[in-house]
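Spelled out from the first residue to the last, the chains are:
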Amino acid sequence: MGLDGDMVEAACYKGISARIIADYVDLKNSDKTFYIYDLFEHDDTMVHHSLPELGVGLFEQVKARFDDLPNVIVTKGFIPQILDEVAPEKIAFLHIDMNNAEAEIAALEYLWDRIVPGASIVLDDYGWLAYRAQKLAEDPFFAARGYQVLELPTGQGLVIK
Ligand SMILES: C[S@@+](CC[C@H](N)C(=O)[O-])C[C@H]1O[C@@H](n2cnc3c(N)ncnc32)[C@H](O)[C@@H]1O
């Protein structure tokens, strides 16, 4: 919270992890903006798996979850393309949780230069065998930039830039 920059979650689904993070850091009383994204819907053309509550109405429900936090910006769209329209210039915290290796790498490539030194990048599914494709894509992404992902006991991956 002491770093320059805003916060990003790609992606938020029902907004539960974003809400927990926002409450934990007392976002309401901070000068940071938390940008959270999702498709909020799913169809058979999408490579990643569906989740039960994706569908009409979820976008509105997630916005309602953050009604009391004007500094949370909930955006519906496809990552990375939507980042052209809505994204902070500087990022102090990035949570990546798309269960989708291609989109996760696209987000990292798009946002990497905006992540400030000292910022934490949390890769939600990094260590889980079911999402092995993500680790296999993310290890070389970070190695090429001189970083190694720390695998946490939760299965998450952590990089501090
Ligand atoms: C596991 S859920 C996120 C859960 C949330 N972070 C939490 O813990 O409460 C993964 C989400 O990624 C979204 N997603 C996957 N690929 C995406 C993409 N290319 N652009 C935007 N959202 C995407 C899905 O719609 C899904 O809601």
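It should be noted that the structure appears before, not after, this text.
Cut-off values and rules
Residues numbered from 1 in each chain as written. Predicted model: local features only at pLDDT ≥ 70, side-chain atom pairs only at ≥ 80, totals over all residues. Heavy atoms only, no water. Near = heavy atom within 4 Å. Polar contact = N/O pair within 3.5 Å; in protein donor to acceptor, adjacent residues only side chain to side chain. Areas by Shrake-Rupley, 256 points an atom, 1.4 Å probe, with all protein chains shown as cover. Nonpolar A, V, L, I, M, F, W, Y, C, P; charged D, E, K, R; others polar. Axes fitted to C-alpha atoms, helices over the stretch in contact; angles between N-to-C directions. Helix = DSSP H or I, 4+ residues; strand = E, 2+ residues; numbered from the N terminus. Parallel < 35°, antiparallel > 145°, perpendicular 65-115°, else oblique. Left-handed = near helix turned anticlockwise from the far one by under 90°. Contact = heavy atoms within 4.5 Å. Buried < 20%, exposed > 50% of the residue type's maximum accessible area, 1.4 Å probe, protein only. Arc of directions from axis to C-beta.

1. Brief notes about the site of the ligand
Around the ligand sit 19 residues in total, of which Ala11, Ser17, Asp38, Ile79 and Asp97 are the nearest. A distance of 2.8 Å separates a nitrogen atom of the ligand from a polar atom in the side chain of Asp97. Taken by itself the ligand offers 600 Å² of open surface, and the protein chains cover 91% of this. Each residue belonging to the shell around the ligand can be placed in one class, and the counts come to 11 nonpolar, 5 polar and 3 charged.

2. A closer look at the packing of helix 3 (residues 101-111) against helix 4 (residues 132-143)
In contact at an axis separation of 9 Å, helix 3 and helix 4 are set at 25° when each is read in the N-to-C sense. By the angle class used here, helix 3 and helix 4 are roughly parallel. The two elements helix 3 and helix 4 cross, and the hand of that crossing is right-handed. Across from Ala101, Glu104, Ile105, Leu108 and Glu109 in helix 3, the residues of helix 4 making contact are Ala133, Gln134, Ala137, Glu138, Phe141 and Phe142. For the contact of helix 3 with helix 4, a count of residues per class yields 7 nonpolar, 1 polar and 3 charged.

3. Concerning helix 1 (residues 16-24)
Of the positions making up helix 1, those classed as buried are Ala18, Arg19, Ile21 and Ala22. With its buried residues spanning 165° around the axis, helix 1 presents them on a single face. Turned more than 90 degrees off the buried face of helix 1, the exposed positions are Ile20 and Tyr24. Next to the buried residues of helix 1 lie strand 1 (6-10), strand 2 (34-38), helix 2 (58-65) and strand 4 (91-96). Where helix 1 ends, the next residue or the one after it, Asp26, has phi of about 55°, a positive value.

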